[in-house]
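# Geometric and topological summary
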Amino acid sequence: MTAVLVLWLVACLTGTWAVDRGNFKTCDQSSFCKRQRALKPGESPYRALLETMELTNTRLTLQLINDNNKVRLLLELYRLQGNITRVKINELKPLKPRYEVPDVLVREPPTEPLSLLSQDENGVVLSLGAEAQRVIVSARPFRLDIVEGRDVLMSLNSRGLLAFEHLRMRKDTSQTEQDGETEGDPANQDEKEDGMWEETFKSHTDSKPNGPSAISLDFSLPGVEHVYGIPEHADTLRLKTTDNGDPYRLYNLDVFQYELYNPMALYGAVPVMLAHSAQRTTGIFWLNAAETWVDISSNTAGKTVFGKMLDYVQGSSETPQTDVRWISESGIIDVFLMLGPTAKDVFAQYASLTGTQSFPPLTAVGYHQCRWNYNDQEDVKAVDAGFDEHDIPYDFIWLDIEHTDGKRYFTWDPHKFASPKEMLQGIMDKKRKMVAIVDPHIKVDNNYKIHNEIRSRGYYIKNKDGGDYEGWCWPGSAGYPDFTREDMRAWWASMFAYDQYEGTMENLYTWNDMNEPSVFNGPEVTMHKDAMHGAWEHRDLHNIYGFYVQMATAEGLVQRSGGVERPFVLTRAFFAGSQRYGAVWTGDNAAEWDHLKISIPMCLSLGLVGISFCGADVGGFFKSPSAELLVRWYQTGAYQPFFRAHAHLDTPRREPWLFGPENTALIREAVRQRYTLLPYWYQQFYHAHRTGEPIMRPLWVEYPQDPATFALDDEFLIGRDLLVHPVTEEGSRGVTAYLPGKDEVWFDVHTFQKHNGAQNLYIPVTMSSIPVFQRGGSIIPRKLRVRRSSSCMEHDPYTLFVALNPQRTAEGELYEDDGHTFNYEKKEFLHRRLSFVNNALSSVNLAPDATFTTQSWIERIVLLGARKPSRSKKHGPVICLQPLVYSASLPQKHARLDSL
């Protein structure tokens, strides 16, 4: 076994870096996907039995029957607070319970009353309350429409693709036919041929003891041409139609240097889709943790703009419509229909279900320096000193798997990291921090405390025969803790205590990698689906495993401080709700220009489904970037929420000062721009934590009626007031940025040049250029005294950049707290709305019941777009920086944040 693992590692560490697509299934190789996709749109075999309907103040229940096999299902319909409708479909009398996903919802969603408007033999009509919204349940065939006024917002089973493979005892083919369970039911075809009770992929056999259990449902979205979400895929922001290829796949996998622009599964899975048109934004949350495929079709797919215009002129245009079909291997149908009507309403609706982005410590918003691996304590010390020598700020230095004692997590290599507290104290003295990796595969070693504890407590996942499941990963033979168990998670959290995780201090944080889970010798490099988590198969809950690992780790970091300190945990695998526990990154990318480009839509997609704290490995994990690519990646990463450089073990060193003085200066400037904007970034994280709105967002979120923004994914907004168009083309001499908003003005943050909105602006660029624009009518706080880390800047003064727009008052916000504890939940923070009107700056306290004492003050106000200089009546002269830009320096005694 060891020899095979060594050969596998050798293959990984050679220059042959490309995904082996043969290791991962297509839909045709996944028997349940193939079966369900073979069903074509048509009349559904399901009808609603209206005589079984029961309506209470909180829900409607109704039985459905499949007329082909007479199996009955139970439909439950709920009207939830906040303009959400929930639809659940399960077997009426399942042979055994089917898996329902726990722990993702932050609470049982509160309901609102449903009322019956009408009923006849064809169906029922229910009121959803506001805006004349109604649910129409049609009986034969079963169909569900949500209507507002005369407009159909969404239809379920309108194409007749509802399918529910009921649990059954295994029978031979002849007995099945005698029972009349074959016609029209794909789950009763030749069981052996279709992989119903056993399925083999490459050398791996899935025993499928429960037989076929797949579910499927289609949704129609009238008036919609643009859909987004369902990360993680290395693809465009706007999802493509899948008629001529595979569906988008949601199945957490360790994909070795993934390919771009295809629907293959990657490390995480968030089963949430947003649909947008100029009239409305809606969302679909498919709460299922099993392997899932999503088909998308559109009646306007492939039509050019000219073709659509020709249809209109000829009077033959049809209403655009997008149809979406969800297919999952097991579980039940549990879907939340988020009815908007705006994008920000959908964000709030989804946040009410799964929570908001965790509020990180301020330091985590700074720059992170990582490599697989820094060799030893002296190497860490030298890299740390290199940042000081070259005057580049950073907050975190990271250690990968080689820092451990033989890949035993919660340990330190006794030779290379013999004095971890001394190392941690050294970086703490500079107000910096460290992250060390803790993966969820545990080395099988009888001399390893962690393994012995998990085994003795019975916390390992079991194989289908009842023994501890073992697979290969970095340590060799490894066990996999069952993080779906609450007692296992509690024990794992306790291992982060300072007296358990020896050598740790309060400035050490955690990184969970390989938590899909990655199993090198498993099917598709992951766990066998017939492994057991108590009563449940791994197939039922695969996509939620990484969610639980990060949850337990984050809780451990909170507990070790007595509940005082905010945690920081990075995860590679994720699911709906993972935003509550930390950050994610886009995985093992490559030092290629296309991988730089794809980082933008990948993070935009994650932000749309609640995970704002996203970034990509700066410079690319695999391969070696050119100096130009590395500089451009730093310039892009500096404007993405999670800002970390990372590199593979086999690549040359690439600390920022190793590419010559000119490139060092360019990288230094990019990192310094990040640090000057930390007040704005931190404010955006607070806002995301409170509202669920994305930090890095597509332009259409703020300009929902501008079709020119709907497919843009090479530029983005940070909050609503900064627009960024990174340079992502090799040898570029210019970029064209779309500046939205016909009444907007935008200011180049570097030159302060003013540009009108609603135009495509060509911007000449050099290697120092990072095209960034501030929206007119906004106020953005910065700290211009950049120091070695964010903590060193804690008490420094603010400069307010006020971008004027004659159409509106300039407004912004300023948020400050202690930057690291949960005391903000105790109302210990400062939050003010800033306004600049009639040449006067004023503020309003947005949290009058909160208190916080700060040593920072407003040192300077910079006006962008001012007409002419004047004198400040209170604080002295206004200094002209250049035409249309003026700066006022304010004496500290007059510029306290609580005296504006």
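Calculation rules
Residues numbered from 1 in each chain as written. Predicted model: local features only at pLDDT ≥ 70, side-chain atom pairs only at ≥ 80, totals over all residues. Heavy atoms only, no water. UniProt positions renumbered as here; feature names shortened; annotations may be inferred. Axes fitted to C-alpha atoms, helices over the stretch in contact; angles between N-to-C directions. Helix = DSSP H or I, 4+ residues; strand = E, 2+ residues; numbered from the N terminus. Parallel < 35°, antiparallel > 145°, perpendicular 65-115°, else oblique. Contact = heavy atoms within 4.5 Å. Nonpolar A, V, L, I, M, F, W, Y, C, P; charged D, E, K, R; others polar. Polar contact = N/O pair within 3.5 Å; in protein donor to acceptor, adjacent residues only side chain to side chain. Pairing = 2+ DSSP bridges. Core = buried A, V, L, I, M, F, W, Y, C linked by side-chain atoms within 4.5 Å. Buried < 20%, exposed > 50% of the residue type's maximum accessible area, 1.4 Å probe, protein only. Salt bridge = Lys/Arg side-chain N within 4 Å of Asp/Glu carboxyl O. Left-handed = near helix turned anticlockwise from the far one by under 90°. Phe/Tyr/Trp six-rings, centres within 6.5 Å; stacked < 30°, edge-to-face > 60°. Lys NZ or Arg CZ within 6 Å of the ring centre and 35° of its normal.

An unreviewed UniProt entry annotates the protein chain as Glycoside hydrolase family 31 N-terminal domain-containing protein originating from Gouania willdenowi. Comment text from UniProt for the protein chain, heading Sequence similarities (unreviewed entry), reads "Belongs to the glycosyl hydrolase 31 family."

### Here's the deal with the packing of helix α13 (residues 627-637) against helix α14 (residues 661-676)
Contact geometry for α13 and α14: axes closest at 8 Å, N-to-C directions at 10°. It follows that α13 is roughly parallel to α14 by the angle criterion. Between α13 and α14, the contacting residues are A627, L630, V631, Y634, Q635 and G637 on the first element and N663, L666, I667, A670, V671 and R674 on the second. Here the contact of α13 with α14 is composed, by residue class, of 8 nonpolar, 3 polar and 1 charged.

### Description of the side chain of R98
The residue R98 is located in the loop between β4 (84-91) and β5 (115-120) in this model. From its side chain, R98 meets the backbone oxygen of G331 in a polar contact 2.9 Å long. Leave out the neighbours within four places in its chain, and R98 touches N90, E91, F164, E165, H166, L167, S213, A214, I215, G331, I332 and W536.

### A few points about the sheet that holds strand β40 (residues 754-756)
Reading across from one edge, β35-β36-β37-β42-β39-β40 is the order of the 6 strands in this open sheet, with antiparallel pairing throughout. Two strands in the sheet have a free side with no partner beyond their single neighbour: β35 (696-697) and β40.

### Let's talk about the sheet that holds strand β34 (residues 643-645)
Paired through backbone hydrogen bonds, the strands of a sheet run either parallel or antiparallel to each other. Across the sheet, 9 strands lie side by side as β32-β31-β30-β27-β23-β22-β21-β34-β33; this open sheet has parallel pairing. At either margin of the open sheet sits one strand with a lone partner, and together these are β32 (614-615) and β33 (617-618). Pairing between strand β22 (residues 396-399) and strand β23 (residues 433-437): 4 bridges, direction parallel. By the bridge assignment, W398 is partnered in β23 with V435. Along the sheet face, helix α7 (residues 420-428) touches β22, β23 and β27 (508-512) and points at about 140° away from the line of β23. Contacts between helix α11 (residues 545-560) and the sheet are confined to β27, β30 (569-571) and β31 (583-585), with β27 contributing the most and set at about 170° to the helix.

### Quick word on the pairing of strand β47 (residues 840-845)
Pairing of strand β46 (residues 830-837) with β47 involves 6 bridges; the strand directions are antiparallel. From the neighbouring strand, R832 faces β47, where its bridge partner is N845. The antiparallel pairing of β46 with β47 creates a hairpin that spans 2 residues between the two strands, and N838 there sits at a positive phi of about 55°.

### Quick look at unusual backbone geometry
With an omega of -10°, the peptide bond between R140 and P141 qualifies as cis. Despite not being glycine, K70 shows a phi value in the positive range, around 65°. Even without a glycine there, the phi angle at F410 is positive, about 70°. Among the structural elements, F410 can be located in the loop between β22 and α7.

### Description of the nonpolar core
If you look at the biggest cluster of nonpolar residues, it comprises 176 residues, and the most contacted ones within it are F285, W492, F568 and Y634. Here this core takes 9 residues from helix α12 (residues 593-608), the largest share from any one element. Apart from residues no more than four positions distant in its own chain, W492 is found in contact with F410, V438, D439, P440, I442, F483, A552 and T553. With 50 residues, the next largest nonpolar core counts L77, L156, I296 and L337 among its residues.

### Describing the pattern of salt bridges
Considering all chains together, one arrives at 57 salt bridges under this definition. For R47, the salt bridge is made with D67, and the minimal N-O distance between the two is 2.9 Å. A residue pair is termed long-range when its members are at least 10 positions apart, and R47 in strand β1 (residues 46-55) and D67 in the loop between β2 (59-66) and β3 (72-80) qualify at 20 residues. With its nearest N and O atoms 2.8 Å apart, the salt bridge here joins D334 to R86. Separated by 248 residues along the polypeptide, D334 in strand β20 (residues 333-338) and R86 in strand β4 bring together distant segments of the chain. Take D334 and R86: they sit in the same class, and that class is buried.

### What about the pairing of β4?
Burial of β4 is extensive: 8 of the 8 residues sit out of reach of the surface. Pairing geometry for β3 and β4, over 8 bridges, is antiparallel. What sits directly across from Y78, in β4, is R86. What sits between the antiparallel neighbours β3 and β4 is a turn of 3 residues, in which G82 has the positive phi angle 90°.

### Quick look at the packing of helix α9 (residues 486-494) against α11
Two elements in contact, α9 and α11, have axes separated by 7 Å at closest approach and are oriented at 45°. Considering the angle they form, α9 stands oblique to α11. The two elements α9 and α11 cross, and the hand of that crossing is right-handed. Along the contact surface, α9 presents R489, W492, A493 and S494, while α11 presents Y548, M551, A552, T553, E555, G556 and Q559. For the contact of α9 with α11, the residue count by class is 5 nonpolar, 4 polar and 2 charged.

### Describing α9
Taken together, the buried positions of α9 are M488, R489, W491, W492 and A493. Contacts from the buried residues of α9 go to β24 (442-443), α8 (449-457) and α11.

### What to know about the environment of K96
Tracing the backbone shows K96 in the loop between β4 and β5. As for K96 and Y261, which are separated by 165 residues in sequence, their C-alpha atoms are 40 Å apart. Apart from the residues within four sequence positions on either side, K96 is in contact with L167 and N210. Of the polar contacts made by the side chain of K96, one reaches the side chain of N210; its length is 2.7 Å.

### Topic: the side chain of E524
Counting through the fold element by element, E524 comes out in the loop between β27 and β28 (532-533). Looking at E524, the relative accessible area reads 5%, which means it is buried. With residues near it in sequence (within four places) discarded, E524 still touches N23, F24, K25, F201, R249, Y251 and L253.

### Some words on the environment of Q133
Topologically, Q133 is positioned in strand β7 (residues 133-138). Distance from Q133 to L339, taken between C-alpha atoms, is 9.9 Å for residues 206 residues apart in sequence. A polar side-chain atom of Q133 sits 3.4 Å from a polar atom in the side chain of N83.

### So, the UniProt feature "domain: DUF5110" (unreviewed entry) in the protein chain
Following the UniProt record, the feature "domain: DUF5110" (unreviewed entry) maps to residues 799-838 here. Between the end C-alpha atoms of residues 799-838 the distance is 20 Å, and the span holds 0% helix and 50% strand.

### Focus: the packing of aromatic side chains
Two aromatic rings, taken as a pair, are described by how far apart their centres are and by the angle between their planes. The full count for this structure, using the stated rule, is 50 aromatic pairs. On the basis of an interplanar angle of 65° and a centroid distance of 6.3 Å, the ring pair of W492 and F496 is categorised as edge-to-face. Across the pair, exposure class does not vary: W492 and F496 are buried alike. One aromatic cluster is present, built from ring pairs that chain together F396, W398, Y509, W511, F568, W585, F613, F642 and F685. The aromatic ring of W511 is capped on one face by R644, whose charged end is 4.7 Å from the ring centroid.

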